[in-house]
Amino acid sequence: MNFSNTQALETAKVSRLNQLMEEAQVKNYLANNPDFLVKNPQLLSHMELNHGCEQTTSLVERQIKVLRERNQFIQSQLIDMLQAAQSNETLLLQVNQFMLDILHTDNLQELCLKIVTSLKQDFNIDAAALALVGSFPSASPAQVFESAEEIKSLLNCQFPDSQPLCVRLEA
């Protein structure tokens, strides 16, 4: 047996000894605190307790397993919903700030510039364009169109129901 095999065997023995010592500490603690699981019932949902017969599973054990799996699934869904709610709250705060910022503009030129730059910077949008329909003075970066028909012909009927779409693009 060479040195590295001997060292690996010794490391495995030390690891097993540490595990046995930790198990002994847990056993000792539970023996000295028999009401621990009564005071901490939430821990029972993470423990598996068998009746001793390895080949059989009682109905109660099976029901507990199913309930434990369902509980884990529901907890995962709850975490997903909380993350979505947090993301939505952040977005709502951004939109509110955006609205407040554009409400405090003094002229059309400043408004158009503020809208386009805020959309790009605050909402991390690669490109943004603003189109004004009607009789407006030039307000760069916005493009002014006399009628909506000009925009429709420019877009070549890209909108199926003649309405603009505002959606998140897929990756």
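Described below are features of the structure shown in this document.

Rules behind the numbers
- Residues numbered from 1 in each chain as written.
- Predicted model: local features only at pLDDT ≥ 70, side-chain atom pairs only at ≥ 80, totals over all residues.
- Heavy atoms only, no water.
- Helix = DSSP H or I, 4+ residues; strand = E, 2+ residues; numbered from the N terminus.
- Buried < 20%, exposed > 50% of the residue type's maximum accessible area, 1.4 Å probe, protein only.
- Contact = heavy atoms within 4.5 Å.
- Salt bridge = Lys/Arg side-chain N within 4 Å of Asp/Glu carboxyl O.

Of note, leucine 111 is situated in helix H4 (residues 108-122). Accessibility expressed as a relative area gives 25% for leucine 111, which makes it partly exposed. Between the alpha carbons of leucine 111 and alanine 142 there is a distance of 9.7 Å; along the sequence they are 31 residues apart. Those residues in contact with leucine 111, other than ones at most four positions away along the chain, are Ile102 and Thr105.

Any two side chains of opposite charge can pair, so long as their charged atoms come close to each other. Under the definition given, this model contains one salt bridge. Measuring nitrogen to oxygen at the nearest pair gives 3.2 Å for the salt bridge that ties aspartate 35 to lysine 39. Overall, the relative accessible area of 33% leaves aspartate 35 in the partly exposed class. Using a relative accessible area of 61% as the deciding quantity, one classes lysine 39 as exposed.

The values are spatial; any link to function lies outside them.
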